[in-house]
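Residues per chain, in single letters:
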Amino acid sequence: MTIVNTGSVDLGYILEVTPGTTPATPTFQLIPTVSGSPDGNIDTKSSEEIRTDRMDLDLTVVDRNIAGKMDYELTYTPYAPLLTALMGGTAVTLNETQADIAAAASGKTFTSAALADFSAVGAGDFILVSGFTGDTSNNGIFKVASASTLVITLDSSETLVDDAAGESVTITANRIANSVSVATVHNSYTFLKRVQQITSPAYMYYRGCMINGINWDFSVGDFVKGNFDIIGLSEDITETAITSSSYTAVAAHVLMSSANAATIASAGLGAGIDIEKATIQYDNHIEAAKAVGTEGAVSLKPMTMECIVELTMYFEDIAAYTLLAASTSFELTFTLVDGDENYIVLHLPECKFQNLESPVPGKDQFFFLNGTVKAFKDATLGYAAAMNLLAAH
């Protein structure tokens, strides 16, 4: 008998056209993981029959729940498709490369003389800019206040330097907000858990899987970590791979650390807050519909989306208490960038504190303020959470 370790196991996924149906001749994208995976979670039940021989009559399978958490160290390239699936909304995109784009400090604008069309983006979106050579500070990531066909006006918090047109400038956007309609069809995937280096390799297929939620953990002295919460329809464990299936190796990627890759900004919470730890829990609350005659689920449906943030802040003033007492909203933005200049921006435009506490710790320790924050629908932007996935250029 051959015994294997976790180095012989890899995970992959492929997008389904029809939930629960793996595409013919699939090419699975392999992904990096720390631990965890979808699993079958078989439910069994023993007979309750009363017997004079004092023994149970039988045990049988009564149901199967396809679910599991997949732990990660956050990186852009391998996980961008799954982050898109998590949000479930329709992407708002922009990709313009023109030589007639200028930057203006006074109006905080990027303006195209005639060639570009910026009208796809709008308030609350984030753009990635590259190509300015006259003043490279005009390159990077910026928050949009408004846009028309030829002009992007930035948020008042942004800064630009005058730079005339003539350089080849690229401006991109890719914002996916939480789905805002119960009719939205969320992407589903077939996940694969492949076990190699044994006499007969094992293939575990989990079909009809959706990304139910994600947890992000920002801690000092560590990578940005967390997990994807996956829920699915069915499981198939076999020693025979799907006919003509193939595998794409894990894409090259750079990890993101909480120290030099993450920035947490707030509007309305107070200037210059210092956060010692933050966790984000985004949950689609997907429910599995069960039916007689089916082992597993017959359908999956996202319910009310919820985004909760736990903050551990150094106590500097009473601004947070004032917000809680008055039930006043504020804005949170989590920006992550890797060494290749890929950006992930989670924007929560309308947040409120659910609770706050400031327990006194022991001697010679910092005094912290712990708060639970919930994101709500922003009446102007029309969403509660948006993910901006901006690939380097």
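Attention here is on the structure that accompanies the text.

How each quantity is defined
Residues numbered from 1 in each chain as written. Predicted model: local features only at pLDDT ≥ 70, side-chain atom pairs only at ≥ 80, totals over all residues. Heavy atoms only, no water. Helix = DSSP H or I, 4+ residues; strand = E, 2+ residues; numbered from the N terminus. Contact = heavy atoms within 4.5 Å. Disulfide = S-S within 2.5 Å. Buried < 20%, exposed > 50% of the residue type's maximum accessible area, 1.4 Å probe, protein only. Core = buried A, V, L, I, M, F, W, Y, C linked by side-chain atoms within 4.5 Å. Pairing = 2+ DSSP bridges. 1 Å grid on protein atoms, 1.4 Å probe; cavity = no way out; pocket = protein on both sides within 12 Å on 5 of 7 lines; lining within 4 Å. Points joined across faces, edges and corners; volume = space filled by probe spheres on them. Nonpolar A, V, L, I, M, F, W, Y, C, P; charged D, E, K, R; others polar. Expected span 1.5 Å × (residues − 1). Phe/Tyr/Trp six-rings, centres within 6.5 Å; stacked < 30°, edge-to-face > 60°.

## Overview of the side chain of R207
- Structurally, R207 can be placed in strand β15 (residues 202–219).
- R207 has contacts with E16, G20, T22, Y189, T190, G232, L233, S234, D236 and I242, leaving out every residue within four places of it along the chain.

## A few points about the state of the cysteines
- What the rule picks out here adds up to 0 disulfides.
- Not engaged in a disulfide, the cysteine C307 finds its nearest cysteine sulfur in C351; these two sulfurs lie 7.3 Å apart.
- Since its relative accessible area comes to 0%, C307 is described here as buried.
- When its relative accessible area of 0% is taken as the criterion, C351 is described as buried.

## Some remarks on the nonpolar core
- If you look at the biggest cluster of nonpolar residues, it comprises 60 residues, and the most contacted ones within it are F191, W216, F228, I344 and L348.
- Core analysis: the second largest hydrophobic core is formed by 18 residues, F110, V121, F142 and L160 among them.

## A word on the pairing of strand β6 (residues 66–73)
- Residues I66, G68, M70 and Y72 line the buried face of β6, whereas the alternating positions A67, K69, D71 and E73 sit on a face that is not buried.
- When strand β3 (residues 35–36) meets β6, the two strands line up antiparallel, connected through 2 bridges. Its bridge partner lying in β6, S35 is registered against D71.
- The pairing of β6 with strand β16 (residues 225–232) spans 8 bridges and is classified as antiparallel. Bridged to I66 within β16 is G232.

## A short note on the pairing of β16
- For β16, the tally of buried residues reaches 7 of 8 residues, placing the bulk of the element in the interior.
- Summarising the sheet, β15 and β16 pair through 7 bridges and their orientation is antiparallel. By the bridge assignment for β16, W216 is matched with G226.
- As consecutive antiparallel partners, β15 and β16 are separated by 5 residues, and within that stretch G221 has a phi angle of approximately 80°, a positive value.

## A word on unusual backbone geometry
- Of note, R54 is a non-glycine position whose phi angle comes to about 65°, a positive value.
- Relative to the helices and strands, R54 is located in the loop between β4 (42–46) and β5 (59–64).
- A relative accessible area of 78% means that R54 is categorised as exposed.

## With respect to the environment of A251
- Relative to the helices and strands, A251 is located in the loop between β18 (246–248) and β19 (262–267).
- What makes A251 partly exposed here is its relative accessible area of 25%.
- Residues A251 and Y79 lie 172 residues apart in sequence; the distance between their C-alpha atoms is 9.8 Å.
- In contact with A251, not counting residues within four places along its chain, are Q29, T77 and P78.

## Describing empty space enclosed by the protein
- A full pass over the atoms with the stated rule returns 1 cavity of 30 Å³ or more.
- Each pocket or cavity is described by its volume, and for the largest cavity that value is around 100 Å³.
- Split into classes, the residues belonging to the lining of the largest cavity amount to 7 nonpolar, no polar and 3 charged.

## Section: the layout of surface pockets
- In this structure, the second largest pocket occupies an estimated 370 Å³ of space.
- Lining the second largest pocket are 17 residues, and of these F126, S157, E158, A265 and T333 sit closest to its centre.
- Broken down by secondary-structure element, the contributors of at least two residues to the lining of the second largest pocket are β11 (140–147), β19, β24 (330–337) and β25 (343–357).
- Ranked by residue count, the leading element in the lining of the second largest pocket is β24, at 5 residues.

## Re helix α1 (residues 76–87)
- Over its 12 residues, α1 extends 16 Å from the first C-alpha to the last, a length consistent with the 16 Å expected when each residue adds 1.5 Å.
- All of the buried residues in α1 are Y76, P78, Y79, A80, L82, L83, A85, L86 and M87.
- One or two residues past the end of α1 sits G88, with phi positive at roughly 80°.

## A short note on the packing of aromatic side chains
- In total, this model carries 18 aromatic pairs according to the counting rule given.
- Ring geometry for F28 and Y205: centres 6.0 Å apart, planes at 35°, overall tilted. Of this pair, F28 sits in strand β2 (residues 27–31) while Y205 sits in strand β15; the two residues are 177 residues apart in sequence, bridging distant segments of the chain. Of the two residues, F28 and Y205, both sit in the buried class.
- In this structure an aromatic cluster arises from ring pairing among F28, Y203, Y205 and Y247.

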